[in-house]
Amino acid sequence: MAAKVELSVSCANLLDKDVGSKSDPLCVLLQSSGGDKWTELGRSECLKNTCNPSFSQRLRLDYRFETVQNLKLGVYDIDNSTPDLKDDDYLGGVELTLGQIVSSKTVTKPLQLKKDKPAGKGTITITAEEIKDNRTITLELAAKNLDNKDTFGKSDPFLELFEKGADGKWQLVHRTEVVKDNLNPTWKKFTVPLQTFCGGDLERPLKMDCFDYDDNGSHDLIGSFSTKVSELKKAAHGSPVQFDCINPEKQKKKKSYKNSGVVIVKSCELTSQYTFLDYVMGGCQINFTVGIDFTSSNGDPHTPTSLHYMSPDGLNQYLSALWSVGHVVQNYDTDKLFPAFGFGAKLPPDYQVEYHQFALNFNPSNPYCQGIQGIVDAYRAVLPKLKLSEPTNLSPIINHVASTAASAAQTNAATQYCVLLILTDGEITDFDQTRDAIVQASRLPMSIIIVGVGPANFKAMELLDGDNGVLKSTAGEAVARDIVQFVPYKQFKDSPQTALAQAVLAEVPNQLVSYFKVKGLDPPKAASKK
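So, a few notes on the structure that sits alongside this text. Being a predicted model, the structure only gives us computed values, none of them experimental.

**Quick notes on the packing of helix α8 (residues 395-410) against helix α9 (residues 431-441)**
It is at 9 Å that the axes of α8 and α9 come closest, and there the two elements cross at 15°. One finds that α8 runs roughly parallel with respect to α9. In this structure, α8 meets α9 at a crossing whose hand is left-handed. Listed contacts from α9 to S395, I398, N399 and A402 of α8 are Q433, T434, A437, I438 and A441. When grouped by side-chain class, the residues that make up the contact of α8 with α9 number five nonpolar, four polar and no charged.

Below, the structure is given as structure tokens:
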């Protein structure tokens, strides 16, 4: 499910289009729907008589990491009451991606009337926030002296927890497991998103029902009680809280009735469960590295059958895959300097040594390229100078990026996460060394994306992906977490450019969150507030 983001917008030094007063600005948010088409997602309120508006109406939209979400924000001077903006004065706008906004959290850009024509000194500032309560509630519940509802044996109790919805109806939020034949049960500790549990409202009415389980579904009510999270929270620091479990029918019949047992809240803990957005907006940088296969199995780049052959439009499968994936990822690195490497080739001037890893720009001391365009330029420049060779070894570049990830891990902070994109034709020589490298990398802040270029069957790559089973090293050690995503380019060759990026990047957010969660690392800005 996509995350929800809201944008707050303010402007400064807007053009003054009104005579005798200042402009009456409004901001509209549009998202690209392909080509030259734009879809309106929302508008701010119209503010009267100001050239420095700060809009209170937030602009909301869905956020997806795996796609480039091109946005346009336009500011208009509203002169009438009609919703059509065509008859209102355009004060300027800006085009940018949602990835750029969330990675910086706050972006200020100059307003433009049209391309390369500034709107005076006008600027627009956009701030992004995820609209989500990221807390969870973890409860450990028990009961004692519950009524026995069974003729033979003892009750089989379980709990159902409800919140009172806005419509006044009780909505089920959690059901515990059944504890068989026990009047003093302890249920397993469980965790529920606080948004689900009580809408994030610690004072919202809650109800717990305790039942005796029956196989036919006609569970017998043992008793109920009402509470709220603020009361459950009192069960902290080893001091449990207990509630009388009341059966209304028994209470009516017996004046001396006290309860049908008690439910004990042994512990109640509220914790933050951070999302991918929390980390990138909190200051975590994604370090993107590219590795390109130049082995001879790709074919002579001068012949049209080669995977490195440049078509008349200056592209091939390697460059198309690089554009698709890199175009998304580059938005999450503020300096957009990406190390890029080749492997499996012999280099000038002597062409004697087979390189398993070399800087694509031929500058080993500074292998960084400026943005994806910089990598493309380096690739086009270096291709005619290389002699494609053997073997196809993936482990050297994986280990290289893993060393960077290991350095990031030593900081013990969620400030950096590495993503390695490998573009290869599928032949692999060092399979055992590669899976050993992946198993070691699975313990680091790192993900590996492999795009298979060409017609090969890629069975070895599918094994590295591990989706159909846990990948293990040669010593039998299993990966700590799934960090490899493999996709064959041929499945997307005739699809829109965005389709490949969605397929290969969809798992990265969960991989990043899972690593930092296991390590107990909060987003940098959240950690600094503790």
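**Here we look at α8**
Over its 16 residues, α8 extends 22 Å from the first C-alpha to the last, a length consistent with the 22 Å expected when each residue adds 1.5 Å. Looking at the buried side of α8, the elements it contacts are β17 (285-293), β18 (337-343), β24 (416-424), α9 and β25 (446-452). The first or second residue beyond α8 is N412, which carries a positive phi of 55°.

**Describing the environment of D432**
Looking at the element boundaries, D432 is found in helix α9. You can call D432 partly exposed: its relative accessible area is 37%. Expressed as a C-alpha distance, the spacing of D432 and S473, which sit 41 residues apart in the sequence, is 7.4 Å. Within the local environment of D432, its side chain forms a polar contact with the side chain of R435, the two groups lying 3.1 Å apart.

**Observations regarding the nonpolar core**
Residues L7, Y63, L73, I124, F294 and L505 are the most contacted members of the largest nonpolar core, which totals 88 residues. The dominant element in this core, judged by the number of residues it contributes, is helix α6 (residues 317-329), at seven residues.

**As for the pairing of strand β7 (residues 106-114)**
Across seven bridges, β7 lies against strand β8 (residues 117-130) in antiparallel orientation. Across the sheet, K109 pairs through a bridge with I124, a residue of β8. Following β7, the chain reverses through two residues before pairing antiparallel with β8; D116 in that reversal takes a positive phi of roughly 65°.

**Side note on unusual backbone geometry**
The peptide bond linking P348 to P349 adopts the cis configuration, its omega dihedral lying at 5°. Along the chain, P349 turns up in the loop between β19 (345-346) and β20 (354-355). Geometrically, the link from E390 to P391 is a cis peptide bond, its omega value of -15° lying close to zero. Checked against the element boundaries, P391 lands in the loop between β23 (387-388) and α8. Although it is not a glycine, K105 sits at a positive phi angle of roughly 70°.

**A closer look at the sheet that holds strand β9 (residues 135-144)**
Read across the sheet, four strands follow the order β12-β9-β16-β15 without closing on themselves; strand pairing throughout is antiparallel. Among the strands making up the open sheet, the edge pair consists of β12 (190-193) and β15 (241-244). Neighbour-to-neighbour, the strand axes of this sheet turn through a mean angle of 35°, independent of strand direction. Relative to β12, β9 is paired through four bridges, and the arrangement is antiparallel. Bridging across to β12, I137 finds its partner in V192.

**Some words on a negative patch on the surface**
A contiguous patch of negative charge on the surface is contributed by D79, D84, D87 and D89. You can see D89 is positioned in strand β6 (residues 89-97).

**As for the packing of α6 against helix α7 (residues 371-382)**
Between α6 and α7, the shortest axis-to-axis distance is 10 Å and the interhelical angle comes to 165°. Judged by the inter-axis angle, α6 sits roughly antiparallel to α7. In this structure, α6 crosses over α7, and the sense of that crossing is right-handed. In this structure, α6 contributes Y318, L319, L322, W323, G326 and H327 to the contact, and α7 contributes I372, Q373, I375, V376, Y379 and R380. Residues belonging to the contact of α6 with α7 are distributed by class as follows: eight nonpolar, three polar and one charged.

**What to know about the pattern of salt bridges**
For the structure on display, the rule yields twelve salt bridges. Salt-bridge contacts for K4 lead to D62; the nearest nitrogen and oxygen are separated by 2.7 Å. Of this pair, K4 sits in strand β1 (residues 3-12) while D62 is found in strand β4 (residues 59-63), placing the two residues 58 residues apart along the sequence. Residue classification places K4 among the partly exposed positions, given a relative accessible area of 43%. For R443, the salt bridge is made with E477, and the minimal N-O distance between the two is 3.1 Å. Linking R443 in the loop between α9 and β25 with E477 in the loop between α10 (459-465) and β26 (484-488), this pair joins segments that are 34 residues apart in sequence. In this structure R443 comes out as partly exposed when scored by relative accessible area, which is 33%. Here E477 falls in the partly exposed class, since its relative accessible area comes to 33%.

**Quick look at α7**
With twelve residues, α7 should cover 16 Å at 1.5 Å per step; its first-to-last C-alpha distance of 17 Å lies within 8% of that length. Among the residues of α7, those classed as buried are G371, I372, G374, I375, V376, A378, Y379 and V382. At its buried positions, α7 is contacted by β17, α6, β18 and β22 (368-370).

**Focus on the environment of D214**
Following the sequence through the fold, D214 ends up in the loop between β13 (206-212) and β14 (220-227). Along the chain, D214 and S155 lie 59 residues apart, while their C-alpha atoms are 9.3 Å from each other. Apart from residues lying up to four places away in sequence, D214 is in contact with D150, H219 and D220.

**Considering the packing of aromatic side chains**
Applying the stated criterion across every chain, the model contains 17 aromatic pairs. Seen in terms of ring centroids, F288 and F338 are 5.5 Å apart; in terms of plane orientation they differ by 85°. Their pairing is edge-to-face. Of this pair, F288 sits in strand β17 while F338 is found in strand β18, placing the two residues 50 residues apart along the sequence. On the basis of relative accessible area, F288 is assigned to the buried category, the value being 1%. Considering the side-chain rings of F458 and F486, the 5.3 Å spacing of their centres and the 50° angle between planes classify their relative orientation as tilted. Separated by 28 residues along the polypeptide, F458 in the loop between β25 and α10 and F486 in strand β26 bring together distant segments of the chain.

Criteria and thresholds
- Residues numbered from 1 in each chain as written.
- Predicted model: local features only at pLDDT ≥ 70, side-chain atom pairs only at ≥ 80, totals over all residues.
- Heavy atoms only, no water.
- Axes fitted to C-alpha atoms, helices over the stretch in contact; angles between N-to-C directions.
- Helix = DSSP H or I, 4+ residues; strand = E, 2+ residues; numbered from the N terminus.
- Parallel < 35°, antiparallel > 145°, perpendicular 65-115°, else oblique.
- Left-handed = near helix turned anticlockwise from the far one by under 90°.
- Contact = heavy atoms within 4.5 Å.
- Nonpolar A, V, L, I, M, F, W, Y, C, P; charged D, E, K, R; others polar.
- Expected span 1.5 Å × (residues − 1).
- Buried < 20%, exposed > 50% of the residue type's maximum accessible area, 1.4 Å probe, protein only.
- Polar contact = N/O pair within 3.5 Å; in protein donor to acceptor, adjacent residues only side chain to side chain.
- Core = buried A, V, L, I, M, F, W, Y, C linked by side-chain atoms within 4.5 Å.
- Pairing = 2+ DSSP bridges.
- Patch = residues over 30% accessible without salt bridge, like charges linked within 9 Å, V, L, I, M, F, W, Y side chains within 5 Å.
- Areas by Shrake-Rupley, 256 points an atom, 1.4 Å probe, with all protein chains shown as cover.
- Salt bridge = Lys/Arg side-chain N within 4 Å of Asp/Glu carboxyl O.
- Lys, Arg positive; Asp, Glu negative; His and termini not counted.
- Charge placed at Lys NZ, Arg CZ, Asp CG, Glu CD.
- Phe/Tyr/Trp six-rings, centres within 6.5 Å; stacked < 30°, edge-to-face > 60°.

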